[in-house]
Amino acid sequence: MEAARRRERETYRRGSGRHGGELRETALRVLWTLLYRGQGRAGACDPALAQIAQEARLARSTVQEAVRRLEEAGILLRIPRGTVADGRWVQVTNAYLFRAPADWTKPSDTELRSASDSYEKLEEGQGVKGSGKAVSRRRQAQRGSRGC
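Nothing here was measured: the structure is a model prediction, and the numbers come from that model.

Asker: Give me the lowdown on unusual backbone geometry, citing residues and values where you can.
Answerer: Even without being a glycine, R24 presents a positive backbone phi close to 70 degrees. Note that R24 resides in helix α2 (residues 24–37). Even without being a glycine, D86 presents a positive backbone phi close to 55 degrees. Here D86 shows up in the loop between β1 (76–85) and β2 (88–98). Its relative accessible area of 82% is what places D86 among the exposed residues.

Pasting the structure below:
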């Protein structure tokens, strides 16, 4: 839990217009709920989304979004579990597995940069080779002032 909080602080960018970092407070609340309240009778972590939402005091859709962010960060692995009813697979619940902090994906700086930061990188020539704006600027420079 402490590693997740540290990651949240490290990915927070002041003045970015976002509330929090990569995980945000809702994902931290969902993670805490899964870690400390999500264990079932058999010791498996498989609470329903509605149960997580009730424990974390969040809306079900907010829990879904928070679980998605935790998955993208590599903190959580969601395994859909269900049964076959009338020849169709019906999802009943999810099982959740937790990864060690050393196995988490590295945070991407592109989601954390503002649009003006990205534009400044393009102006400085740090754009990705072959990216649209960098290529078009290069072509304009090669053509000179022909205006074509």
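Asker: Residues and numbers for the packing of helix α3 (residues 49–56) against helix α4 (residues 60–72), please.
Answerer: Helix-helix packing is characterised by the crossing angle of the two axes and by the distance between the axes. The interhelical angle for the contact between α3 and α4, taken along N-to-C directions, is 100 degrees, at an axis separation of 9 Å. Taken together, the axis directions place α3 and α4 in an arrangement best described as roughly perpendicular. Here α3 contributes L49, A50, I52 and A53 to the contact with α4, which in turn contributes R60, V63 and Q64. Counted by class, the contact of α3 with α4 contains five nonpolar, one polar and one charged residues.

Asker: Tell me about the nonpolar core, residues and numbers included.
Answerer: Formed by 23 residues in total, the largest nonpolar core has its most connected members in L23, V30, V63, L70 and Y96. Mapped onto this core, the elements with two or more residues apiece are α1 (2–11), α2, α3 and α4. Sorting elements by how many residues they give to this core places α2 first, with five residues. Sequence-distant contacts of V30, defined by excluding residues within four places in its chain, comprise I52, L58, V63, A66, V67 and L70.

Asker: How would you explain the environment of Y96 if you had to name every residue and give the values?
Answerer: Considering the arrangement of structural elements, one finds Y96 in strand β2. Discounting chain neighbours no more than four positions away, the residues touching Y96 are L34, C45, P47, L49, I52, V67, L76, L77 and R78. Only 3.4 Å separates the side chain of Y96 from the side chain of N94, close enough to count as a polar contact.

Asker: Lay out α1 with the relevant residues and their values.
Answerer: Buried residues of α1: A3, A4, R7, E8 and T11, and no others. Down the axis, α1 shows its buried residues gathered within 145 degrees of arc, on one side only. What points out from α1, more than 90 degrees from its buried face, is the exposed set R9 and E10.

Asker: Before we move on, can you summarise the pairing of β1 with the specific residues and values?
Answerer: Direction of pairing for β1 relative to β2: antiparallel, over a ladder of ten bridges. Looking at β2, one finds that L77 is bridged to L97. With antiparallel pairing between neighbouring strands as the criterion, β1 and β2 make up a hairpin whose turn holds two residues, including D86 at a positive phi of roughly 55 degrees.

Asker: Please provide a residue-by-residue account of the environment of W32, values included.
Answerer: Mapped onto the elements of the fold, W32 is located in helix α2. On the basis of relative accessible area, W32 is assigned to the partly exposed category, the value being 36%. In sequence terms W32 and M1 are 31 residues apart; their C-alpha atoms lie 7.0 Å from each other. In contact with W32, other than residues within four places in its own chain, are M1 and R37.

Criteria and thresholds
- Residues numbered from 1 in each chain as written.
- Predicted model: local features only at pLDDT ≥ 70, side-chain atom pairs only at ≥ 80, totals over all residues.
- Heavy atoms only, no water.
- Helix = DSSP H or I, 4+ residues; strand = E, 2+ residues; numbered from the N terminus.
- Buried < 20%, exposed > 50% of the residue type's maximum accessible area, 1.4 Å probe, protein only.
- Axes fitted to C-alpha atoms, helices over the stretch in contact; angles between N-to-C directions.
- Parallel < 35°, antiparallel > 145°, perpendicular 65-115°, else oblique.
- Contact = heavy atoms within 4.5 Å.
- Nonpolar A, V, L, I, M, F, W, Y, C, P; charged D, E, K, R; others polar.
- Core = buried A, V, L, I, M, F, W, Y, C linked by side-chain atoms within 4.5 Å.
- Polar contact = N/O pair within 3.5 Å; in protein donor to acceptor, adjacent residues only side chain to side chain.
- Arc of directions from axis to C-beta.
- Pairing = 2+ DSSP bridges.

So, to be careful, I would describe these as geometric facts and stop short of saying anything about function.
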